[in-house]
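# Structural features, examined
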Amino acid sequence: MVDGKTRILGVIGDPIEHTFSPAMHNAGLNALGLNYTYLPFHVREDRLGECIQGAKAMGIKGLNVTIPHKTNVIKHLDDIDQVASMIGAVNTIQFIYDEDNESSNQNNESSVRTKGFNTDGYGCVRAIEEKTSIKDKKVTVTGAGGAARAVAFQIANSGIDELSILNRNVNKAESLASDLKANLERIGIDININSYDLDNLKKELSDSDIFIDTTPIGMYPNVNDKPIASADMLHEDLVVNDIVYTPLETSLLKEAKLANAKIVYGYKMLLYQGIRSFEIWLNQEAPVDVMEKALLDVLGI
Ligand code: NAP
């Protein structure tokens, strides 16, 4: 029930009507009996600054940020977490009120600070860690777009040994790899990072421990797309994660099952990025099972 003490969380984007986040977060908030509600907000690019100022003025506790605002929102924030800063994209904003007394309309702008995080890559790492530790492993990533960037930076900061990035347009793979190397060098992380075109995929997978496909191949309605790798390119010691979450079992994951590889469903990344946001805002453990069930229900899988 919403009352005078209810605090607000939400998600901003343009468009926003297809978001799955309210169902997942409200289920978690209700399960813990927290007097919070999570709402979608349609925010246009030219109103982003006003949105952040308005959220501060209204005592909003946290926002998720989705397409197209993940990069442009950064200039409106006071502080940014190290990995989010390297990625250059934020999907979670924490509003920190000096005098947070649970009464939202007591707050004013001067006593509020904002901090941006990127929990997308964390979501992918935590999903994979349900099946295997990623420490000292060789990881191969296909794709070099926005999702690959978040995943690659988080993975590279998580104790792996080697990372290969392969993309149809090899220039984009090279550019992501060199950006990654430069950023890691600055903070003293030394790992082997390679970039190739997709013709090298079979060879790279042969000695990989973890394979993450970040391309949209096989995503609904193109469920019969030829998968990026067939069973003969995979092996039973490989953990295969397709970050596409509709359908549940993509053509790549079907091939992975044929090869007896371990599989990680794409919705798990979506789940755990939300879990991490929830924990940043509320400073307590999120009810994973409840939020997972709500997410699967809203996804219809
Ligand atoms: P993006 O920025 O557009 O990047 C797409 C990448 O996929 C590019 O590197 C592109 O290669 C490659 N690609 C596209 N079609 C291809 C094809 N037919 N064959 C080979 N490569 C192809 O997209 P994004 O934002 O990274 O998102 C990618 C996918 O991840 C989407 O399906 C999205 O729904 C999913 N996603 C899932 C989660 C989650 O939580 N599970 C989170 C974010 C995104 P080129 O550079 O050669 O064009």
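Residues numbered from 1 in each chain as written. Predicted model: local features only at pLDDT ≥ 70, side-chain atom pairs only at ≥ 80, totals over all residues. Heavy atoms only, no water.

## A closer look at helix α9 (residues 267–282)
Every α-helical turn comprises 3.6 residues, leaving residues that sit three or four positions apart pointing alike. Taking 1.5 Å per residue as the helical rise, α9 with its 16 residues ought to reach 22 Å, and the 23 Å between its terminal C-alpha atoms agrees with that figure. With 15 of its 16 residues buried, α9 lies for the most part within the structure. Among the residues trailing α9, Asn-283 stands out with phi positive, at a value near 55 degrees. (Helix = DSSP H or I, 4+ residues; strand = E, 2+ residues; numbered from the N terminus. Expected span 1.5 Å × (residues − 1). Buried < 20%, exposed > 50% of the residue type's maximum accessible area, 1.4 Å probe, protein only.)

## Examining the packing of helix α1 (residues 21–31) against α9
Between α1 and α9, the least distance of the axes is 10 Å, while the angle of their chain directions is 50 degrees. By the angle between their directions, the pair α1 and α9 is classed as oblique. In the packing of α1 onto α9, the handedness of the crossing is right-handed. On α9, the residues that touch Met-24, His-25, Gly-28 and Leu-29 of α1 are Leu-270, Leu-271, Gln-273, Gly-274, Ser-277, Phe-278, Trp-281 and Leu-282. For the contact of α1 with α9, the per-class residue count stands at seven nonpolar, five polar and no charged. (Axes fitted to C-alpha atoms, helices over the stretch in contact; angles between N-to-C directions. Parallel < 35°, antiparallel > 145°, perpendicular 65-115°, else oblique. Left-handed = near helix turned anticlockwise from the far one by under 90°. Contact = heavy atoms within 4.5 Å. Nonpolar A, V, L, I, M, F, W, Y, C, P; charged D, E, K, R; others polar.)

## Examining the sheet that holds strand β9 (residues 192–196)
A sheet is described by the order of its strands in space; here six strands give the open sequence β9-β8-β7-β10-β11-β12, paired in parallel fashion. Each end of this open sheet is capped by a strand with a single partner; those strands are β9 and β12 (262–264). Averaged over all pairs of adjacent strands, the angle between strand axes in this sheet comes to 15 degrees, irrespective of strand direction. Bridge analysis of strand β8 (residues 162–166) against β9 gives five bridges, and the strand direction is parallel. Across the sheet, residue Glu-162 finds its bridge partner in β9, namely Asn-192. Each of β10 (210–213), β11 (239–242) and β12 touches helix α8 (residues 251–258); the most contacted strand, β11, lies at about 165 degrees to it. (Pairing = 2+ DSSP bridges.)

## Concerning the site of the ligand
Around the ligand, a shell composed of 21 residues is seen, among which Ala-144, Ala-147, Asn-167, Lys-172 and Ile-243 lie nearest. Measuring from an oxygen atom of the ligand, one finds a side-chain N or O atom of Asn-167 at 2.8 Å. Coverage of the ligand by the protein chains reaches 71% of its 930 Å² of free accessible surface. Its residues assigned to classes, the shell around the ligand shows eleven nonpolar, eight polar and two charged. (Near = heavy atom within 4 Å. Polar contact = N/O pair within 3.5 Å; in protein donor to acceptor, adjacent residues only side chain to side chain. Areas by Shrake-Rupley, 256 points an atom, 1.4 Å probe, with all protein chains shown as cover.)

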